[in-house]
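Structural characterization, general
Chain by chain, the residues:
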Amino acid sequence: HFAKPTGVICNYKTRLHMKFKGKIFYILIILILSSCATKSIEFNRQKFLKLEKDGYSITFDSEKINFDNFYINKEKINSVTKQNRKKTVSIISSGKSRMITGNDLESQIINDTKIPEFELLIIDGKMYGKNEVKNILIDLNSVKTVTIIKKEDIQNSIPHRILKNDLVVLMTEKRQICNYR
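The structure contained in this document is the topic of the report that follows. Keep in mind that what you see is a predicted model, and the values were worked out from it rather than measured. (Residues numbered from 1 in each chain as written. Predicted model: local features only at pLDDT ≥ 70, side-chain atom pairs only at ≥ 80, totals over all residues. Heavy atoms only, no water.)

The next subject is the pairing of strand S12 (residues 166-171). Consecutive residues of a regular strand have side chains that alternate between opposite faces of the sheet. Most of S12 sits out of view: 6 of its 6 residues are buried. Judged by which residues are buried, S12 turns out to be covered on both faces: Asp166, Val168 and Leu170 on one side and Leu167, Val169 and Met171 on the other are all buried. Pairing analysis gives 5 bridges linking strand S8 (residues 118-123) to S12, with the strands arranged parallel. Following the sheet pairing, Phe118 is matched in S12 by Asp166. Here strand S11 (residues 145-149) pairs with S12 via 5 bridges, running antiparallel. Paired with Thr147 across the strands is Val169, a residue of S12. (Buried < 20%, exposed > 50% of the residue type's maximum accessible area, 1.4 Å probe, protein only. Helix = DSSP H or I, 4+ residues; strand = E, 2+ residues; numbered from the N terminus. Pairing = 2+ DSSP bridges.)

In structure tokens form, the structure reads like this:
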């Protein structure tokens, strides 16, 4: 007759099994916590436009914004965080930005350029009519160039539209004027 095992081998296997289960448990906890965590990300306009289209809510200094109508100088951003679980992106400024609304921008353009009124405002290729200008939030530091195009100079190029006033083109970064979406 063989002697019955004393339990040393069984205890060793049980301890190994428990140790392995414990490691799997900790790995699962870490994976769950890291997937819900807030991640620091870089400012990328194209990526944020896609995230907003995918249902993410974007805030600037704790205020919800429509990112498609938001323009800021990249150097004026202190941090950007993304929370996948809440589907939010938070942009925090460095406090040195000069943010103004579209209505204030319109008034400032009219005052600075001495034009009585303008028909369209074009920012980096995106056109804004009179009713859409109010939706803009822009950092004045981000504006690189302002160009006034006289209605007489452009009327022949777009004969299907009768212009009553001049066009204003703002560029916030070096890229082509037309942005086809």
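Next comes the rest of the write-up.
Below, the discussion takes up the environment of Asn66. Tracing the backbone through its elements, the reader meets Asn66 in the loop between strand S3 (63-65) and strand S4 (70-71). As for Asn66 and Ile136, which are separated by 70 residues in sequence, their C-alpha atoms are 8.4 Å apart.

Sheet strands associate in pairs through backbone hydrogen bonding, adopting either a parallel or an antiparallel arrangement. Read across the sheet, 4 strands follow the order S9-S8-S12-S11 without closing on themselves; strand pairing throughout is mixed. Each edge of the open sheet carries a strand with a single partner, namely strand S9 (126-128) and S11. On average, each strand axis in the sheet is inclined to that of its neighbour by 20°, with strand direction left out of account. The sheet contacts of helix H3 (residues 102-113) involve S8, S11 and S12, and relative to S8 the element is tilted by about 110°. (Axes fitted to C-alpha atoms, helices over the stretch in contact; angles between N-to-C directions. Contact = heavy atoms within 4.5 Å.)

With that settled, the discussion passes to the layout of surface pockets. Estimated volume of the largest pocket: approximately 350 Å³. Lining of the largest pocket is provided by 16 residues; of these, Phe43, Arg45, Ile72, Lys74 and Glu173 occupy positions nearest its centre. Contributing elements (two or more residues each) for the lining of the largest pocket: helix H2 (45-53) and S4. In terms of residue class, the lining of the largest pocket is made up of 4 nonpolar, 5 polar and 7 charged. (1 Å grid on protein atoms, 1.4 Å probe; cavity = no way out; pocket = protein on both sides within 12 Å on 5 of 7 lines; lining within 4 Å. Points joined across faces, edges and corners; volume = space filled by probe spheres on them. Nonpolar A, V, L, I, M, F, W, Y, C, P; charged D, E, K, R; others polar.)

Right, let's talk about the packing of aromatic side chains for a bit. Counted according to the given criterion, the structure contains 5 aromatic pairs. Between Phe43 and Phe48, the aromatic rings sit 5.4 Å apart at their centres with planes inclined by 90°, giving edge-to-face as the arrangement. Each member of the pair, Phe43 as well as Phe48, carries the same accessibility label: buried. Site record: aromatic cluster; members linked through ring pairs are Phe43, Phe48, Phe60, Phe67 and Phe70. (Phe/Tyr/Trp six-rings, centres within 6.5 Å; stacked < 30°, edge-to-face > 60°.)

The subject of this paragraph is the pattern of salt bridges. In total, this model carries 5 salt bridges according to the counting rule given. The salt bridge involving Lys130 is made with Glu117; its shortest N-O contact spans 3.8 Å. With Lys130 in the loop between S9 and strand S10 (137-139) and Glu117 in the loop between H3 and S8, this residue pair connects regions lying 13 residues apart in the sequence. For Lys150, the salt bridge is made with Asp166, and the minimal N-O distance between the two is 3.5 Å. (Salt bridge = Lys/Arg side-chain N within 4 Å of Asp/Glu carboxyl O.)

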